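# Working through the structure, step by step
Spelled out, the chains give:
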Amino acid sequence: MSAVTPTQVNELLISIGRSLLQYTADAYPWSPANKDLRDPILHLAHQQQESVRKIVHWLDDEGEFIDYGIYPVDYTSLHYVAAEFLLKYMISNQSDIVELATVECSEEDAETAHHLFLAEILANEQSILDELKKLTSR
């Protein structure tokens, strides 16, 4: 029996699918001053969509109701800021996502297919976090 419930997986879906990275990509266009960060951020948002697709597919295969959630209202206060400024908030949000994915992965028996699935999600989200951190040193 799986230790991670579909409700927990759906919470992860909402965290990832309604992340600040996704919001930032959806709220484009940005000012021309942020042009050098536009492509990397949009690429990472696209990479994160792969996690969303995998989770939705898993929940659908399990016959579970899928709740996509909504973007937090707090994100609306981050309009019209420089992408460089926004990066620290994206890194913080992505760190929270990685922490949640880590907890869910650790709660699942390492011998199950669910653990492998969660490990893939965790690896993708950790990769995104690492890349966001690299963007701050540009």
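Before reading further, recall that the structure is shown in the block above.
This write-up is about the structure you can find in this document. (Residues numbered from 1 in each chain as written. Predicted model: local features only at pLDDT ≥ 70, side-chain atom pairs only at ≥ 80, totals over all residues. Heavy atoms only, no water.)

## Concerning the nonpolar core
Membership of the largest hydrophobic core comes to 38 residues, with the highest contact counts inside it found for Ile 41, Ile 55, Met 90 and Leu 132. Those elements giving two or more residues to this core turn out to be helix 1 (6-17), helix 2 (20-26), helix 3 (35-61), helix 4 (83-107) and helix 5 (113-135). The contact partners of Met 90, leaving out residues within four places of it in the chain, are Leu 20, Leu 21, Thr 24, Ile 41 and Leu 132. (Core = buried A, V, L, I, M, F, W, Y, C linked by side-chain atoms within 4.5 Å. Buried < 20%, exposed > 50% of the residue type's maximum accessible area, 1.4 Å probe, protein only. Helix = DSSP H or I, 4+ residues; strand = E, 2+ residues; numbered from the N terminus. Contact = heavy atoms within 4.5 Å.)

## Some points on the packing of helix 3 against helix 4
What describes two packed helices is the angle between their axes and the distance between those same axes. Packing of helix 3 against helix 4 leaves a shortest axis separation of 12 Å and a crossing angle of 20°. Relative to helix 4, helix 3 is oriented roughly parallel. By crossing handedness, the relation of helix 3 to helix 4 is classed as left-handed. Residues Asp 36, Leu 37, Ile 41 and Gln 48 of helix 3 pack against Ala 83, Glu 84, Leu 87, Met 90, Gln 94 and Ile 97 of helix 4. Residues belonging to the contact of helix 3 with helix 4 are distributed by class as follows: six nonpolar, two polar and two charged. (Axes fitted to C-alpha atoms, helices over the stretch in contact; angles between N-to-C directions. Parallel < 35°, antiparallel > 145°, perpendicular 65-115°, else oblique. Left-handed = near helix turned anticlockwise from the far one by under 90°. Nonpolar A, V, L, I, M, F, W, Y, C, P; charged D, E, K, R; others polar.)

## Brief notes about the packing of aromatic side chains
Applying the stated criterion across every chain yields a total of five aromatic pairs. Taking 5.3 Å as the distance between ring centres and 55° as the angle between the ring planes, the aromatic pair formed by Tyr 23 and Tyr 75 counts as tilted. Of this pair, Tyr 23 sits in helix 2 while Tyr 75 sits in the loop between helix 3 and helix 4, and the two are 52 residues apart along the sequence. Three or more aromatic residues joined by ring pairs make a cluster, and in this case those are Tyr 23, Tyr 71 and Tyr 75. (Phe/Tyr/Trp six-rings, centres within 6.5 Å; stacked < 30°, edge-to-face > 60°.)

## With respect to the side chain of Asn 10
Along the chain, the position of Asn 10 falls in helix 1. Take Asn 10: its relative accessible area is 8%, and that puts it in the buried class.

## Quick notes on unusual backbone geometry
Positive phi outside glycine occurs at Tyr 80, with the angle close to 65°. Along the polypeptide, Tyr 80 turns up in the loop between helix 3 and helix 4. Of the residues examined, Tyr 80 reaches a relative accessible area of 86% and is grouped as exposed.

## Thoughts on the environment of Asp 67
On the secondary structure map, Asp 67 appears in the loop between helix 3 and helix 4. Through-space distance from the C-alpha of Asp 67 to that of His 115 is 21 Å; in sequence the pair is 48 residues apart. Discounting residues that sit within four places of it in the chain, Asp 67 has contacts with Asn 10, Leu 13 and Ile 14. Side-chain polar atoms of Asp 67 contact the backbone nitrogen of Gly 69, separated by 2.9 Å. (Polar contact = N/O pair within 3.5 Å; in protein donor to acceptor, adjacent residues only side chain to side chain.)

## Remarks on the packing of helix 3 against helix 5
At a minimum axis separation of 10 Å, helix 3 and helix 5 run at an interaxial angle of 170°. In terms of their interaxial angle, helix 3 and helix 5 are classed as roughly antiparallel. Facing Leu 37, Pro 40, Ile 41, Leu 44, Gln 47, Gln 48, Glu 50, Ser 51, Lys 54, Ile 55 and Trp 58 of helix 3, the residues of helix 5 in contact are His 114, Phe 117, Glu 120, Ile 121, Asn 124, Glu 125, Ser 127, Ile 128, Glu 131, Leu 132 and Leu 135. Looking at the contact of helix 3 with helix 5, its residues break down into 11 nonpolar, six polar and five charged.

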